[in-house]
Amino acid sequence: MSLPQPVPPSWKDLGKSSNDLLGKDYPFHGTSLEVKTKTPSNVAFKVGGNRDSKSGVIAGDIEAKYTDKKNGLVFTETWTTSNALKSQLELENYLAKGLKLDIATSLTPDKGQKSALLNAIYKQSGVHTRGAFDVFKGPTFTTDTVFGRDGFLFGAETAYNVTEGKITRYAAAIGYNAPEYAVTVHGLNNLKTFTASYYHRVSADVEAGAKAVYDTKATTSGVALEVGTKAYLDSAAFIKAKINNSGVLALGYTQALRPGVKASFGLALDTQRLNEISPTGPTHKVGANIVFES
């Protein structure tokens, strides 16, 4: 008798451990601030602002989220400094166990832009599937499914344009997840771009990972490669480092200053241009992120 299989990750979360290791906690693109609060009536507020170091543009948003855990209901409303109004309604495990319904809308009155995305997600032992209908883009129907068995993962995604009556995008992936490591291979963009990612929890305090990308349509030949690591200094601080084959070295440091206050600092160095006195174009970057949460 086989043991019950766990619910596999969603399609977008395949390779998540490696992507998070190489992509998160490197705030070198600018300076950002987040303030998060919660009320006794299950309403959470988040105010965020970010200054892009390249353009100097400051953008922000305010978000309110109401959660009804008993009925599996979550309602989120967001207003951005670009005057975009975003709404999201989620209903999980209400109509059926493992079924989640999601409606996300966006409206920008100044530009006349609008969007509406309907999602239905179903997950059970050994399977995680999603169907999404983009009302105004196409309309387009997208579906993806991931099957899991004894650590092995198999996934596929396809998008169908209803108006044109044809498949506009398809992709596939295969992977293996273990408690200490994970390996994932993707074939994206109609199997024209291939990625391979690897994640390894070396010890309780050290993580390592790598990602390789090969684009058959790229103007330059070769494989883009990035490797990185994360080390916990103590329970309140960790450092991260990564480097790619273009010679860009990125460093990140995150410190919990006190309960509810976290600061992160990021630095990116183009190691091939360290000796240039007056380099042209963007070279080195530095940034910071501070989060207050109550």
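Being a predicted model, the structure only gives us computed values, none of them experimental.

A. Broad picture of the overall build of the chain. A tally of regular secondary structure across the chain gives one helix and 19 strands. The dimensions of the chain, computed from C-alpha atoms along their principal axes, are 60 × 45 × 45 Å. When burial is assessed residue by residue, the chain has 29% of its 294 residues classed as buried. Of all intrachain contacts in the chain linking residues separated by at least 6 positions in sequence, the fraction that spans at least 24 positions is 28%. Of the roughly 17,900 Å² of accessible surface on the chain, 60% is carried by carbon and sulfur atoms. Looking at charge distribution, the chain has the averaged site of its 33 positive side-chain charges lying 2 Å from that of its 27 negative ones.

B. Local environment of the side chain of His 128. Relative to the elements of secondary structure, His 128 occurs in strand E8 (residues 127-134). Within the structure, the side chain of His 128 is placed 3.0 Å from the backbone oxygen of Pro 8, a separation counted as a polar contact. Those residues in contact with His 128 that sit more than four places away from it in its chain are Val 7, Pro 8, Pro 9, Ser 10, Ile 121, Tyr 122, Lys 123, Asp 144, Thr 145 and Val 146.

C. Just the nonpolar core, in detail. In this structure, Trp 11, Leu 14, Val 146, Leu 153, Ala 171 and Ala 173 together form the largest nonpolar core, which totals six residues. With residues up to four places along the chain from it excluded, the contact list for Leu 14 reads Pro 9, Asn 19, Val 146, Leu 153, Ala 173, Thr 184 and His 186.

D. Structural view of unusual backbone geometry. Cis rather than trans, the peptide bond between Gly 138 and Pro 139 has omega equal to -5°. Inspection of the secondary structure assignment puts Pro 139 in the loop between E8 and strand E9 (140-149). For Asn 83, which is not glycine, the phi torsion reads 65° and is therefore positive. For Asn 83, the location among the structural elements is in the loop between strand E4 (73-80) and strand E5 (85-92). Of the residues examined, Asn 83 reaches a relative accessible area of 23% and is grouped as partly exposed. In the Ramachandran plot, Asn 189 falls in the positive-phi region, its phi being about 50° despite a non-glycine side chain.

E. The arrangement of the pairing of strand E14 (residues 206-215) in detail. Examined bridge by bridge, strand E13 (residues 193-201) and E14 share nine bridges and lie antiparallel to one another. Each residue of the ladder has a partner; that of Thr 193, found in E14, is Asp 215. As consecutive antiparallel partners, E13 and E14 are separated by four residues. Pairing of E14 with strand E15 (residues 224-234), which is carried by eight bridges, proceeds in the antiparallel orientation. What sits directly across from Val 206, in E15, is Ala 231.

Rules behind the numbers
- Residues numbered from 1 in each chain as written.
- Predicted model: local features only at pLDDT ≥ 70, side-chain atom pairs only at ≥ 80, totals over all residues.
- Heavy atoms only, no water.
- Helix = DSSP H or I, 4+ residues; strand = E, 2+ residues; numbered from the N terminus.
- Buried < 20%, exposed > 50% of the residue type's maximum accessible area, 1.4 Å probe, protein only.
- Contact = heavy atoms within 4.5 Å.
- Areas by Shrake-Rupley, 256 points an atom, 1.4 Å probe, with all protein chains shown as cover.
- Lys, Arg positive; Asp, Glu negative; His and termini not counted.
- Charge placed at Lys NZ, Arg CZ, Asp CG, Glu CD.
- Polar contact = N/O pair within 3.5 Å; in protein donor to acceptor, adjacent residues only side chain to side chain.
- Core = buried A, V, L, I, M, F, W, Y, C linked by side-chain atoms within 4.5 Å.
- Pairing = 2+ DSSP bridges.

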